[in-house]
Structure formats: C-alpha cells, structure tokens
Amino acid sequence: MVATAHSAPSTTPISITLRVWRQAGPAQPGRFVEYPAKDLNPNMSFLEMLDVVNDGLEGKGEDPIAFAHDCREGICGTCSLVINGKPHGPHKGVASCQTYMRSFANGDVIVVEPFRAKPFPVIKDLVTDRSAFDAIQQAGGFVTVRAGSACDANAIPVPKDDADLAMDAAQCIGCGACVAACKNASAMLFVSAKVSHLGLLPQGQAERDSRVLNMVAKMDELGFGNCTNQYECSAACPKLISHDFIARMNRDYIGASFRQAFKPKSTSTAGGA
Amino acid sequence: MATLDSKIPSGPLADKWRKHKTEIKLVNPANKRKYHVVVVGAGLAGASAAASLADLGYQVTCVVFHDSPRRAHSIAAQGGINAAKNYQNDGDSVYRLFYDTIKGGDYRAREANVHRLAEVSVNIIDQCAALGVPFAREYGGLLANRSFGGAQVSRTFYARGQTGQQLLLGAYSSLSRCVGQNTVKLVTEHEMSDLVVVDGHAKGIITRDLKTGTLHRFAADAVIVATGGYGNVFNLSTYARGSNVTASWRAYKRGACFANPCYTQIHPTCIPVSGDYQSKLTLMSESLRNDGRIWVPKKKEDVKKAPASIPEADRDYFLERIYPSFGNLAPRDVSSRAAKRMCDEGRGVGETGLGVYLDFADAIQRYGKQAAARANLHDPTAEKILELGEAAVAERYGNLFDIYKEITDESAYKQPMRIYPAVHYTMGGLWVDYNLMSNVPGLFVLGEANFSDHGANRLGASALMQGLADGFFVIPYTIGDYLAGQKPGSRPSPEHAAFAAAEKNVADLITKLMSIKGKEPVAYYHKKLGKIMWDHCGMARTKEGLTKGIALIQELRAEFWRNVNVPGSAENMNQALEKACRVADYLELGELMCRDALTREESCGGHFREEYQHPDGECLRDDEKFAHVAAWEFQGEGKEPLRNTEPLNYETVKMSVRSYK
Ligand SMILES: Cc1cc2nc3c(=O)[nH]c(=O)nc-3n(C[C@H](O)[C@H](O)[C@H](O)COP(=O)(O)OP(=O)(O)OC[C@H]3O[C@@H](n4cnc5c(N)ncnc54)[C@H](O)[C@@H]3O)c2cc1C
Ligand code: SF4
Ligand code: FES
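What counts and how
- Residues numbered from 1 in each chain as written.
- Chains lettered and ligands numbered in written order.
- Predicted model: local features only at pLDDT ≥ 70, side-chain atom pairs only at ≥ 80, totals over all residues.
- Heavy atoms only, no water.
- Helix = DSSP H or I, 4+ residues; strand = E, 2+ residues; numbered from the N terminus.
- Buried < 20%, exposed > 50% of the residue type's maximum accessible area, 1.4 Å probe, protein only.
- Contact = heavy atoms within 4.5 Å.
- Salt bridge = Lys/Arg side-chain N within 4 Å of Asp/Glu carboxyl O.
- Nonpolar A, V, L, I, M, F, W, Y, C, P; charged D, E, K, R; others polar.
- Domains from an automatic or database assignment.
- Buried area = accessible area lost by both parts, 1.4 Å probe.
- Pairing = 2+ DSSP bridges.
- Disulfide = S-S within 2.5 Å.
- Axes fitted to C-alpha atoms, helices over the stretch in contact; angles between N-to-C directions.
- Parallel < 35°, antiparallel > 145°, perpendicular 65-115°, else oblique.
- Near = heavy atom within 4 Å.
- Polar contact = N/O pair within 3.5 Å; in protein donor to acceptor, adjacent residues only side chain to side chain.
- Areas by Shrake-Rupley, 256 points an atom, 1.4 Å probe, with all protein chains shown as cover.
- Core = buried A, V, L, I, M, F, W, Y, C linked by side-chain atoms within 4.5 Å.

## Section: the environment of Leu56 of chain B
- Topologically, Leu56 of chain B is positioned in helix H3 (residues 44–56).
- Owing to a relative accessible area of 34%, Leu56 of chain B belongs among the partly exposed residues under this scheme.
- Setting aside residues no more than four positions away along its own chain, Leu56 of chain B makes contact with Arg146 of chain A together with Lys32 and Pro476 of chain B.

Okay, structure coming up:
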C-alpha cells in the first residue's frame, strides 16, 4: 500500500457576504438584509458561521438571526435553511447543519431563506412552523400496541430485504425539505416514507389500509399540494429517500380505497356481558 | 435535611420487582381519568411514559421545548440498545446484564434498580419490534446483535447506525397515536421554567412559550420530568445544542435533591476539536470498536508521520495491550483515560496531538476475504478484497464513515479515523427512589434526567434501554402508588398562590436578564464555562483544580450577571434569551458539579481524582467512606448546598476492584 500523508483540509480563511431573510413575526413583512462574515475557517459548519455572525450582533445589542437547529449532525431534522435557492444547500444527501464553509469560495454572496411553503408559516426570520407534519403522523403513522402486550420479538421473522427497505424509508428525519423543494408544496415523499416503512413490515399490516387513507386525507386537509412527478423532493432530501416510495404509496392508497368501499364490516359493537 | 428513603423492596434481588408490582397500590380505571399528569419531555423516556399513562386512562399533557416531539435528543443515539434476550445463545442472561451494568458502573448504582432494568430489557425489544422499529435482521429474518463495551456477549440490538432515531420514532408513533386520539395533549415549544410545589407536593409547572414569550401554568396531580442530561454545561459535547438542565435545575431549587452531579461520561471515540468556533463534538459510535482497532505510534517521533507508513512493530494497540480480555471493547471511562494517558505521554496524533487512531484496515481485509469466499472467488486480487471489504464495512457503519468524511474531509476507508474523548452523558441527575419519585412527593424523574441506574459509569447501549424501561414498564406501575394516596379532584387550581409566585419568579428572572444590556453575547460565557469545566472537572480532577474551578465559576457567574447582552424583546421568539436562561443555570450547576467532585475523595467510573489511583492508573475506590449516593439539597441563593447521603447496600454482588484485564 502507498503511504498517504493525512490530506489535511485547507484552513485558509474566507470572507463572504450573507443575504438573509429577516422577518420579525408571522404577520410582519420580511426582507433581505446583508451581513458581512469575515475570516472564516473553511472547516466550520454553515450553522457555526451563523453563530459567529449572531455573536457579533448580540454583542452589539442587535437581534440575532433566528434559525432552527439542534443536533447539528443531520439526524433531528430541525435545521431548515434554503441556501442559494436550495433546501439544505448545495450538497446532495446532507442537511443544512452538515453543510461546511469549504463548499463556498472567498467573496461569495450567499442567500439564506426559510423553507417556504403555505403549510409551513414563518415564525421568525428563518424559523417556520412545521407542526402540520406531526398532525399527519397523528392521523395514522403508527402501529397500535399498548405497552406490555407485545409477543416475543423473534416470533415474527421479517425477511432481511423487507427490513432493509423499511429502514431506508424509516430514515426520514421529518425536516420538510421535500415540501420546500416542491413547487406544489406536496408532502408525498414524507408521507410515503412512513406509509412504506410500516407497510413493508408484518407488524404494520393490521392498520395498513386505514393508515394510508387517514394520512393522505390529513395531508390534503392541511393544504399540501399534489404530486406532479417532478421529483424535486427526493433530490433535496437529506436522507435520499427514494421517490419509488411515492409510487408504492399510490398503489397502497388505491388498493385501500377499493377494499374500504367493498369490505364487509361487522355490525356488532356490543361490549359483551 | 431531606429524607432519602430508597423504598427498595425486601426479599431476594430477583424477586423484588415482581413482589413490588403485586404489592403496589393501584388506581381503579374510573379514577384514572380524574388524574392529570404533566410529562415534561418526549425523548425515549417522556414519550413512552406519556403514551403508556394515556393508554392506562390517565389525563396526560406532554410538554416539550422542541417544535416536534420527534426532535428529542434521543434521536441522535447511534449504536444500539441492550437486552438480555440471549438470542445469540452465547450465555447471556438477566443476571449477566445486571452484573455487567453494576460492574460497569463501578459499584456505585443501586442493585435493585439495575436488576429491574435488566429484567424489563427483554420486554422493550418485544414492544419496539411490535411498534415497527426496523431492527437489523439476519438472513433468516430473526433479529441481529452486535457487541458493546464492557460485555463479553453480543446483546446489543440496532438499526444501522441510527438506533436512537428508530426507537424514538417508535415511541413518538405511540405518542402521536394518543395525541391523534385526544388522550394526550401535546404542547410544543414550551420550556419548563419552574416547578410548582403546593404543601410539599409537586402539583404543576410554569412554562414559557418560546414562540410568543408568554408564561403558562399547568396544574397536575403529578409531574414527570424526563428532560435528558446536562452535558452541555461543558459547552462542547456530543449533545444537541438545545439539551439543557433547566427543568431539573429549577426542580432542584424547589427542593428536589440533585444526586452525584459530578458523574459525567467522557466517550472515547469522538471527532477531535478543530477550532474555537466549534459548536459541538460529533460521536463516532462505540459500535465501531467491534471492528476498529485503536492505536498510537510507539515512538513519539512518529506522531506526525502518515499512519500507513508506520510499520506494525512500531504501533501500540494500547487497549489490546493493557486490557487483553476486553481489548478494544473496554468500557468508556477506562478507554477514555487510556487514550488521554497516551496523549499525555506525547504519543497523540493529529494537528493538536490530542487524538488516537481508530483503524479499520484489518477489518476491511477480514471482511473482504470472507466476502470473496462467499462469492466463490478463488485467488481474489488485493484490490478485489479491498473493494469487497470496504463494501462490508460500509454496510455496517456507512453512515458513520459519511459523517466523518463530511466533518473532516477525510475517508476512513483509506486512512484511520482520528478520535478523542468528549463529554457524552451524565450519570448524575435528580435523586429518585425505587418508584422513580424524587424526594419531592409527586415529582417523578425518568431517563437520563434521573441518577439511578448507571452508577459512576454507563455502559454503551444502556441509556436507550433505561429510557424505555422507565417510560414503558416502570412508571405505569409506580405512579399509581403515589396517586392512589391523592384524592381525585384534589389538585390545586392554577389560580393557587403557589402558581402565581412561581410565575413571578420566572418573570423576574427574565426581566433581570433582559435588563443587563452588557457587552458580551451569551455564547462568550458558555464557552468560558465549558473550558473551566473541562480543565478542572473533566477527565482528571484534583483537589486544587476543583477548588480553583469553583472560584473561577463564581467569578464568571458574577460577570455574566453584570455584562451579558440579551438583545430583542421577551415578548416573542428570542433565541438569545433562551440561551441566556439555560446558561444562567449551567453557571450554577457547574459549581455544584465541582463541589460534588471535590467532596468525593475517591476515584470511581467516570469520576477520576488523580490523588486516588492504583499504581497502573486505574480508579482507586474507597468503599469504606464513599459507597453512597451524594444527594445535594439547595439551601437558598448564596448558601452552600447540603450534602445528603444514601448508603448503597450490596446484598448480592460483592464490591470488588473492577478489572477488564
Ligand atoms: C450522539 C449520542 C449517541 C448516543 N448513542 C447511544 C446509544 O447508542 N445507545 C444508548 O443506549 N444511548 C446512547 N446515547 C445516550 C442516549 O441517547 C440518551 O441518554 C437518551 O436518549 C436520553 O433520553 P431521554 O428521554 O432521557 O432524554 P432526551 O432524549 O434528551 O429528551 C429530552 C426531552 O425533554 C425535553 N425538554 C428538555 N428540557 C426541557 C424543558 N426545560 N422544558 C420542556 N421540555 C424540555 C426535550 O424537548 C425532549 O423532548 C447517545 C447519546 C448521544 C449524545
Ligand atoms: S422525506 Fe426527506 S426531505 Fe422529506 S421530510 Fe423526510 S427527510 Fe426531509
Ligand atoms: S440540526 Fe439536526 S438535522 Fe440539522
């Protein structure tokens, strides 16, 4: 093997200009404001760059730029920036917090906006309200199991391929980039990820039909748009959730609607003696 | 002086929980719906508790500071969750998991709690599989396992490198079901800012709505705090930035004892610090130690050389050398200190010299050859083996290698990772009895926020286990024991004077913070505090260092209250104010941690006092003087807190010198 020295990443500082969306509250109008950010180590993350800018503002008594973040490692789904027109920035398969300044050049002007979509109203600056996603999950994104009533975990084998595919879908971090990227503000990728995750597993079968019907109904009710197969969603998705899951959900939905219409139902609701 | 009655049931260890469950008071189904329980937090512990209690019929309100319960810090856990299933047929059992956990905690945890944890561990896996958690599976469709530190069996269940995410989404799905069915009221973006105590019982909380700045009162028959750990007191840690101690700290100030605050876990395998702008440290899961080998150069003059150019004979695989029976899977505290010793000797690698290698070259070769054999390739080329080996390693740890690449811009397939210990978990927390109730009746504490199960060091993959054990399988029984003694309908109204007083307390604090208008941002103080904590209350502690640490924190705290600048208004979303409230609490907690570390004149688990060590550098416990829990009691602002103790009685296991050699 050839001995490779540690390819130490460059530390030559860069300076950039930020054009940031500032909006004091949900009802106030917003506008872009420019902030210089000088002498940045290119190995700092995009959010760390915002920290530096904000510390400067706070020290001067100015209101810092509000932005959502928490884990800063691409798993909690809190961060939600549109950077130069792209939800989560220039790189595929990463969240805003996993974007590093080395992706930008000295002298760049970087435009930062919130995720924009009707069902995600702005709360302040770059922070939006994504509670509509929770409401969709509450409509059906679960398997009903009371604590203490489950059978032995190995009593129900799951073929490895099914488990792996379910896991691919389950990786969704609920960030909403798919909605922000879609010109119709469709939530199909997000919803199909949950529907597919549970639909692929034997544990999810009992509620499979009601799940897809209820989640889709809720999604429509909350004002998310239709899918017109442009697939901007999966291109922006930090977890690279495949749009194949949308097709899978559409099949599930049609089947479930059909079964719902023709299913014989028990008429008894009696509680027994 | 607080009364600390652990309420450990009598009888043989293995029967205690079963016996307790049959003797515990019950609340009848019709009465359950008359009780209101406020659950603060929706991580593994809070979400599972809220859903289980709602399913039992209690009225439940679940409050989180996040915009969605799915964002709780549990989401970030990578490696796995332990359970004594013995699916591998490798000799595991409830007793063995119990024993490993007690020993891993360096004999500073309660036997009865830990045994219960091991018992219910098996139910957790059943519950989660039923909820649709996509655990890793073998080709036959059954569940797969891997190994974690401090164990000689394979009992860790996992979902790729995202086990915490998948478990949390499982618990979140149960919580969401209850919210959808109106059995849980969910309140997001509210931060618990005070505990309301009425006639000595916890009867509610005060929250601040982070979107509007308004203060709210929630009255309850019992309050559950499941708000996670406080490692962010160090500023740099593997925690999410929002993780905070505020709920626990405000409860402490209302009389709940804070137990063993100095027990902090420093995780050996994190990406090293690279600059002072840094906001967090990223963990590289312990699961990597299944296959990665940790080493430093034997000779100091080699530390700046390319690792591949250093021949085998000149490498020191120090964990394998010092701890031959556990090797790279020695527990975290032991591994972290060993890495620190190597760096202190001048053999650390990387820019700063604060790093050791975690090397996958051997694993890539081994897996590559196995894969070639499975594919019936005779005489595979070296390139082919490398290709197959890298693919096999990617299947196991691909997402971790990706994270490493994003952060460092280096490929761990081609050169070893550089890692260094970082703050990762806090074993200390609010004191609770066997029922998980604090010394303030009606206040229950679950998950990482309590102190009870991990002693002085937590083993890998056991925090997820504890969070779900507490929420799914313990609190549903034990809360009844308290509520059965509370008259239905007796909960005070939010108009009660205690609510008004607590609300005023919070409002005054906020007004004070907003009015300082000094010169420095909050982050300036957080960074300074973190540095003091790391230097004086970190991996190696001394009497002098801790004494100095306390003085420095007091000075810094005074300066904070003189010179911090919190701009904007308190009447809408104000992230600077959120940070300021949290850092104000850290500035007090930090001092308590130093005090606790100073008074514990021994070394145990993650608490290492340089003065107390064996000649080989291992922890020297003092069971005569310190086989107890230290539970600190607030005595008022500016007064020294009181150190209460709860003796630890080992009835089954013999306390001995922990050896992983
Ligand atoms: C990077 C990383 C990897 C890990 N990997 C593993 C692993 O592989 N295996 C393992 O067993 N453990 C692991 N751990 C540890 C484990 O993840 C945590 O200990 C555990 O998830 C904590 O769960 P919790 O429910 O107690 O708290 P958390 O998940 O931290 O949840 C806290 C909740 O409380 C809420 N909250 C906090 N403060 C307030 C407040 N003041 N007001 C209102 N709400 C509040 C939050 O909104 C959140 O809902 C890891 C930890 C880290 C940091
Ligand atoms: S599908 Fe992708 S983009 Fe959409 S919420 Fe999930 S992770 Fe985010
Ligand atoms: S901050 Fe958690 S995903 Fe970006």
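## A few points about the interface of chain A and chain B
- With 78 residues of chain A at the interface, the matching set in chain B holds 84 residues.
- The tally of links between chain A and chain B comes to eight salt bridges.
- We note a salt bridge from Glu395 of chain B to Lys160 of chain A, for which the minimum N-O separation is 3.5 Å.
- Counting only elements with at least two residues in the side of chain A that touches chain B, the list comes to helix H1 (46–59), strand E6 (122–124), helix H2 (131–140), helix H3 (160–170) and helix H5 (188–199) of chain A.
- It is H3 of chain A that contributes the most residues to the side of chain A that touches chain B, seven residues altogether.
- Within the side of chain A that touches chain B, the residues separate by chemical class into 36 nonpolar, 22 polar and 20 charged.

## Here we look at the domain arrangement of chain A
Residue and element names in this part refer to chain A.
- Taken as a whole, chain A is organised into domain 1 (14–124) and domain 2 (130–143 + 158–262).
- The distance between the C-alpha centroids of domain 1 and domain 2 comes to 29 Å.
- Facing 20 residues of domain 1, the contacting portion of domain 2 comprises 21 residues.
- Of the roughly 1,500 Å² buried at the junction of domain 1 and domain 2 (both faces included), carbon and sulfur atoms supply 66%.
- When residues of domain 1 are sorted by the area they lose upon contact with domain 2, Pro87, Pro119 and Phe120 head the list and together hold 35% of the total.
- For the pair domain 1 and domain 2, the interface holds zero salt bridges.

## Structural notes on the sheet that holds strand E16 (residues 429–430) of chain B
Residues and elements named next belong to chain B.
- In spatial order, the strands read E16-E10-E18-E19; together these four strands make up an open sheet with antiparallel pairing. Each end of this open sheet is capped by a strand with a single partner; those strands are E16 and strand E19 (642–647).
- Note that strand E10 (residues 258–259) and strand E18 (residues 628–633) share two bridges and pair antiparallel. Among the inter-strand pairings, Phe258 is bridged to a residue of E18, identified as Trp632.

## Details of the state of the cysteines
- The final tally for this structure, using the stated rule, is zero disulfides over all chains.
- Take Cys151 of chain A: it sits in no disulfide, and the sulfur closest to it among the cysteines is that of Cys128 of chain B, at 13 Å.
- Among the residues examined, Cys151 of chain A registers a relative accessible area of 42% and is labelled partly exposed.

## A short note on the packing of helix H5 (residues 111–130) of chain B against helix H12 (residues 463–483) of chain B
Residue and element names in this part refer to chain B.
- With their axes 9 Å apart at the nearest point, H5 and H12 run at an angle of 100 degrees to one another. As far as their axial angle goes, H12 and H5 are roughly perpendicular. Contacts from Arg116, Leu117, Val120, Ser121, Asn123, Ile124, Gln127 and Cys128 in H5 reach Met465, Gln466, Leu468, Ala469, Phe472, Phe473, Val474 and Thr478 in H12.

## Examining the site of ligand 1
All names here are of chain B.
- Neighbouring ligand 1 are 37 residues; His66, Ser74, Met192, Glu448 and Leu464 lie closest to it.
- A distance of 2.8 Å separates an oxygen atom of ligand 1 from a polar atom in the backbone of Gly79.
- Bound to the protein, ligand 1 loses 98% of the 1,000 Å² it would expose on its own.
- If you list the elements that add at least two residues to the shell around ligand 1, you get H3, strand E6 (190–198), strand E15 (417–426) and H12.

## Let's talk about the sheet that holds strand E9 (residues 222–225) of chain B
Residues and elements named next belong to chain B.
- Here we have five strands laid out as an open sheet, ordered E5-E2-E1-E9-E17, and parallel in their pairing. The sheet is open, and its two borders are formed by strand E5 (184–187) and strand E17 (443–445), each paired with just one other strand. Put simply, the sheet's adjacent strands are angled 20 degrees from each other on average, direction ignored.
- Across four bridges, strand E1 (residues 36–40) lies against E9 in parallel orientation. Paired with Val40 across the bridge in E9 is Val225.

## Quick notes on the nonpolar core
- Residues Ile81, Phe318, Met417, Leu443 and Ile479 of chain B are the most contacted members of the largest nonpolar core, which totals 212 residues.
- Among the elements that make up this core, the one with the highest residue count is helix H16 (residues 575–599) of chain B (13 residues).
- The residues touching Phe318 of chain B, leaving out its near neighbours within four places in the chain, are Ile294, Trp295, Val296, Ala338, Ala339, Met342 and Val356 of chain B.
- Core analysis: the next-biggest nonpolar cluster, separate from the first, contains 35 residues, Phe133, Ala185, Val191 and Leu200 of chain A among them.

## Details of the pattern of salt bridges
- For the structure on display, the rule yields 67 salt bridges over all chains.
- Put simply, Arg259 of chain A and Asp209 of chain A hold a salt bridge, and the shortest N to O gap is 2.7 Å. Taken as a pair, Arg259 of chain A in helix H8 (residues 244–262) and Asp209 of chain A in helix H6 (residues 208–221) lie far apart in primary sequence, 50 residues in all.
- A relative accessible area of 40% means that Arg259 of chain A is categorised as partly exposed.
- One salt bridge connects Lys85 of chain B with Asp126 of chain B, and the closest N-O pair in it is separated by 2.6 Å. You can see Lys85 of chain B sitting in the loop between strand E3 (81–82) and helix H4 (94–104) and its partner Asp126 of chain B sitting in helix H5, a full 41 residues away along the chain.

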